[in-house]
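# A structural walkthrough
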Amino acid sequence: MQSKQQLSTFFLFIIFSLLILGCFSSPRKTIRSRKPCKEMVLYFHDIIYNGHNEKNATSVIVGAPAWGNHTILANKNHFGNVVVFDDPITLDNNLHSQVVGRAQGFYIYDKQDIFTAWLGFTFVFNSSEHVGTINFAGADPLMNKTRDISVIGGTGDFFMSRGVATLMTDAFEGEVYFRLRVDIKFYECW
Amino acid sequence: MQSKQQLSTFFLFIIFSLLILGCFSSPRKTIRSRKPCKEMVLYFHDIIYNGHNEKNATSVIVGAPAWGNHTILANKNHFGNVVVFDDPITLDNNLHSQVVGRAQGFYIYDKQDIFTAWLGFTFVFNSSEHVGTINFAGADPLMNKTRDISVIGGTGDFFMSRGVATLMTDAFEGEVYFRLRVDIKFYECW
Amino acid sequence: MQSKQQLSTFFLFIIFSLLILGCFSSPRKTIRSRKPCKEMVLYFHDIIYNGHNEKNATSVIVGAPAWGNHTILANKNHFGNVVVFDDPITLDNNLHSQVVGRAQGFYIYDKQDIFTAWLGFTFVFNSSEHVGTINFAGADPLMNKTRDISVIGGTGDFFMSRGVATLMTDAFEGEVYFRLRVDIKFYECW
């Protein structure tokens, strides 16, 4: 009887050891949950300086190819334009809604034959709702309905976050205004 | 007696199974330690090219808004200036201390109505002390006493690191020199 | 007999508890595997616009120091040049091989006294093989045979990836063409 008991205890020991070893040792391939630990939907609004809108402009051309300048986006799909921005963030798609944070960073148009951009920017929050930052980077093939970029880090309320953000062009007016909807899904929360 | 024994063994099995399942399956929300696994304090020194300091300059204006140029930082709080840098890193706040690495990357001034920057850069080490790199990105609202940015990755001695770095402006002289203190806290070490 | 049994069960409980506590609580320092969970080798090809190669050019100078321009890379090791690119990715080192994706982003030359760059870019895939993006950032001291940068995130097939990419200059022709070999090692796969 006793040896049977010991045997079952021994098997339990082996089973747990294997489970725990699995937890520690393997390259982390199959384990992670794809259920977000936090989600947010936000909008930001970009008004590009065009020589006539100094007061309203939230972004400005700072780099251009040899055939361009810093007041008008270059031809060839703006290939080579670098734009720096400080855009208001709102909870809905209304430019005049309460500003809950700022989207700060830059985008570059990086392709000759179609509109495509590359983005590096931060959502900066300092309100009763949120204090902290979310950092983003990634390609933005802006003719696609949705585009995924990476949440590469965060601070404050978003300490050490990682995730994926889906961008959608919610509206645009010529080459002066556009609005992006950002669906942020965090998969690493601390 | 035996069935009681079996019962207790069975309960143990259930408890551990639940614990282990918890370890594997849940979105990682509550588990992570906020105690750094590694800490460093470093300083870096930025001397901006102004047309007269070619030999000493460690950074240079490479982008500007329509109203700016590449020798003098633009008005409106330098909004739209892009600066590329290769700055010496020291262990203390003395520009003439031994250089332990280089801070290489860029910053952009991204706001019209206050000094604010966005940073993408790397600490590059190649000494007896450290070999490897630490990569950073984030917003730098430089009028704040402290600003947090993300450690987005690392290589060599800092392989796969992630964390948060706190920036402090340790000194500045007009628009030619500034020194940043960086408190790096790694929360993911490999 | 029974108490001996209970004792051994009790010890098992303690051992597993400690193991599981270890799994949850400690700063993640010693646990991670350095065996990649995924590896890829790819090449990308950069043809810099020089005023005469409009049709072929895949990249373009968009930022320059005060002493430079946007058609020719500046002297002093191109210090201060910002280049935006949309480069074809191939599986081997032949520029004319099938394009399997695009490398999109920018590099900056950031040092006066030697060729060194800083890179922020994305591999964009949309083929039968791969759909998704890989995001990179890091320093590229391009006179070194190999240089390590960080994989800071991914989307689609590369959802939430992190890792290290080793760059090698596979070929270059004057200041118009270069080819990089990229060995990507993912250490976080989901």
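Residues numbered from 1 in each chain as written. Chains lettered and ligands numbered in written order. Predicted model: local features only at pLDDT ≥ 70, side-chain atom pairs only at ≥ 80, totals over all residues. Heavy atoms only, no water.

## A word on the overall build of chain A
Applied cut-off: Strands are runs of DSSP state E lasting at least two residues, helices are runs of H or I lasting at least four, and both sets are numbered from the N terminus onward. Any two residues whose heavy atoms approach within 4.5 Å at even a single point are treated as in contact.
Across its full length, chain A carries 1 helix and 9 strands. In chain A, once contacts between residues fewer than 6 apart in sequence are set aside, the share between residues at least 24 apart is 46%.

## Structural notes on the environment of Gly68 of chain A
All names here are of chain A. To be explicit about the condition: The buried label applies to any residue whose accessible area, calculated with a 1.4 Å probe on protein chains only, is under 20% of its type's maximum; exposed applies above 50%, and partly exposed to all values in between.
Here Gly68 lies in the loop between strand E2 (59–63) and strand E3 (82–90). Under the relative-accessibility criterion, Gly68 is labelled partly exposed at 27%. Spatially, the C-alpha atoms of Gly68 and His78 are 8.5 Å apart, while their sequence positions differ by 10 residues.

## A short note on the state of the cysteines
Residue and element names in this part refer to chain B. Here is the rule: Cysteine sulfur atoms are paired as a disulfide whenever they fall within 2.5 Å.
Evaluation of the coordinates by the stated rule reveals 3 disulfides over all chains. Two residues share a disulfide in this structure: Cys37 and Cys189, whose sulfurs sit 2.1 Å from each other. A torsion of 90° about the S-S bond marks the disulfide between Cys37 and Cys189 as right-handed. Of this pair, Cys37 sits in the loop between helix H1 (2–25) and strand E1 (38–47) while Cys189 sits in the segment after strand E9 (177–188); the two residues are 152 residues apart in sequence, bridging distant segments of the chain.

## Notes on the nonpolar core
The condition that has to hold: Here, nonpolar core refers to any group of buried Ala, Val, Leu, Ile, Met, Phe, Trp, Tyr and Cys residues whose side-chain atoms link them within 4.5 Å.
Ranked by size, the top nonpolar core spans 40 residues in total, and within it Phe106 of chain A, Phe106 of chain B together with Phe106 of chain C carry the most contacts. Residues contacting Phe106 of chain C, with those up to four places away along its chain left out, are Phe106, Ile108 and Trp118 of chain A, Phe106 of chain B together with Val83, Val84, Phe85, Trp118, Leu119, Gly120 and Phe121 of chain C.

## Overview of empty space enclosed by the protein
What counts is decided by this rule: Cavities and pockets were defined on a 1 Å grid built from protein atoms only: a cavity is a group of points that admits a 1.4 Å probe but offers it no way out, a pocket is an open group of points flanked by protein on both sides within 12 Å along at least five of seven lines, and a lining residue is one with an atom within 4 Å of any such point. Grid points are joined across faces, edges and corners, and a volume is the space filled by probe spheres set on the points. Under the grouping applied here, Gly and all other residues not named as nonpolar or charged are polar, the nonpolar ones being Ala, Val, Leu, Ile, Met, Phe, Trp, Tyr, Cys and Pro and the charged ones Asp, Glu, Lys and Arg.
Enumeration over the complete set of coordinates arrives at 6 cavities of 30 Å³ or more. For the second largest cavity, the calculated volume is near 140 Å³. Together, 16 residues line the second largest cavity, and Val82, Phe106 and Ile108 of chain A, Val82 of chain B together with Val82 of chain C are the ones closest to its centre. Of the residues belonging to the lining of the second largest cavity, the class tally is 13 nonpolar, 3 polar and no charged.

## Looking at the pairing of strand E5 (residues 117–126) of chain A
Residues and elements named next belong to chain A. What counts here: We call two strands paired when DSSP finds no fewer than two bridges between them.
For E5, the buried fraction is high: 8 of the 10 residues fall into the buried class. Bridge analysis of strand E4 (residues 101–109) against E5 gives 8 bridges, and the strand direction is antiparallel. Residue pairing across strands places Gln104 opposite Thr122, the latter belonging to E5. Linking two consecutive strands that pair antiparallel, namely E5 and strand E6 (residues 131–140), is a turn of 4 residues.

## Things to note about the pattern of salt bridges
The following threshold applies: Think of a salt bridge as a Lys or Arg side-chain nitrogen and an Asp or Glu carboxyl oxygen that are within 4 Å of each other.
In this structure the tally under the stated criterion is 27 salt bridges over all chains. Residue Asp86 of chain A pairs with Lys111 of chain B through a salt bridge whose shortest N-O separation is 3.1 Å. In this pair, Asp86 of chain A is assigned in strand E3 and Lys111 of chain B in the loop between strand E4 (101–109) and strand E5 (117–126), connecting two distinct chains. Neither Asp86 of chain A nor Lys111 of chain B differs from the other in exposure class; each is buried. We note a salt bridge from Arg147 of chain A to Asp140 of chain A, for which the minimum N-O separation is 2.6 Å.

## Some remarks on the packing of aromatic side chains
Worth spelling out the cut-off: Each aromatic pair joins two rings of Phe, Tyr and Trp (for Trp, the six-membered one) with centres within 6.5 Å, and gets the label stacked for planes under 30 degrees apart, edge-to-face for over 60, and tilted for any other angle. Whether a charge lies above a ring is judged from NZ of Lys or CZ of Arg, which has to be within 6 Å of the ring centre and within 35 degrees of the ring normal.
Scanning all chains against the criterion turns up 66 aromatic pairs over all chains. Relative to Tyr109 of chain A, the ring of Tyr107 of chain A lies with its centre 5.7 Å away and its plane at 90°, an arrangement referred to as edge-to-face. No difference in accessibility class separates Tyr107 of chain A from Tyr109 of chain A, as the two residues are buried. Pairing Phe44 of chain B with Phe85 of chain B gives two aromatic rings, centres 6.0 Å apart and planes at 15°, and the pair type is stacked. Taken as a pair, Phe44 of chain B in strand E1 and Phe85 of chain B in strand E3 (residues 82–90) lie far apart in primary sequence, 41 residues in all. Ring pairs connect the aromatic residues Phe44, Phe85, Tyr107, Tyr109, Phe115, Phe121, Phe123, Phe125, Phe136, Phe158, Phe178 and Phe186 of chain A, which therefore count as one cluster. Here Lys76 of chain A stacks its cationic end above the ring of Trp67 of chain A, 4.5 Å away from the centre of that ring.

## As for the confidence of the model for chain A
Rules: Across the chain, each position has a pLDDT score giving the predictor's confidence in that residue, from 0 to 100.
The pLDDT averaged across chain A works out to 89; a share of 84% of its residues lies at or above 70. With pLDDT under 50 throughout, residues 25–30 of chain A is counted as low confidence; its partners more than four residues away or in other chains account for 16 contacts.

## Points about the side chain of Asn135 of chain C
Note the cut-off: Polar contact criterion, stated in full: a pair of N or O atoms within 3.5 Å, where within protein one must be able to donate a hydrogen and the other to accept it, and residues adjacent in sequence count only if both atoms are side-chain atoms.
Mapped onto the elements, Asn135 of chain C comes out in strand E6 (residues 131–140). Among the polar contacts made by the side chain of Asn135 of chain C, one reaches the main-chain carbonyl oxygen of Ala137 of chain A at a distance of 3.4 Å. Those residues within four positions of Asn135 of chain C in sequence are excluded, and the remaining contacts are Ala137, Gly138, Ala139 and Ser150 of chain A together with Phe121, Thr122, Ser150, Val151, Ile152, Gly153 and Gly154 of chain C.

## Overview of the environment of Arg32 of chain B
Relative to the helices and strands, Arg32 of chain B is located in the loop between H1 and E1. Distance from Arg32 of chain B to Asp183 of chain B, taken between C-alpha atoms, is 21 Å for residues 151 residues apart in sequence.

## A look at the environment of Asn50 of chain B
Residue and element names in this part refer to chain B. With respect to the secondary-structure elements, Asn50 resides in the loop between E1 and strand E2 (59–63). Judged by its relative accessible area of 24%, Asn50 falls in the partly exposed class. With 10 residues separating them along the chain, Asn50 and Val60 place their C-alpha atoms 8.0 Å apart.

## Topic: the side chain of Asp183 of chain B
Residues and elements named next belong to chain B. Along the chain, Asp183 falls in strand E9. A distance of 2.9 Å separates a polar atom in the side chain of Asp183 from a polar atom in the side chain of Arg181. The residues contacting Asp183, other than those within four sequence positions of it, are Met40, Val41, Val164, Ala165, Thr166 and Met168.

## Section: unusual backbone geometry
If you check the backbone angles, Met160 of chain A has positive phi at about 65° while not being a glycine. Secondary-structure assignment places Met160 of chain A in the loop between strand E7 (147–156) and strand E8 (162–173). Phi is positive for Asn77 of chain C, which is not a glycine, with a value near 55°. Secondary-structure assignment places Asn77 of chain C in the loop between strand E2 (59–63) and strand E3 (82–90). Of the residues examined, Asn77 of chain C reaches a relative accessible area of 22% and is grouped as partly exposed.

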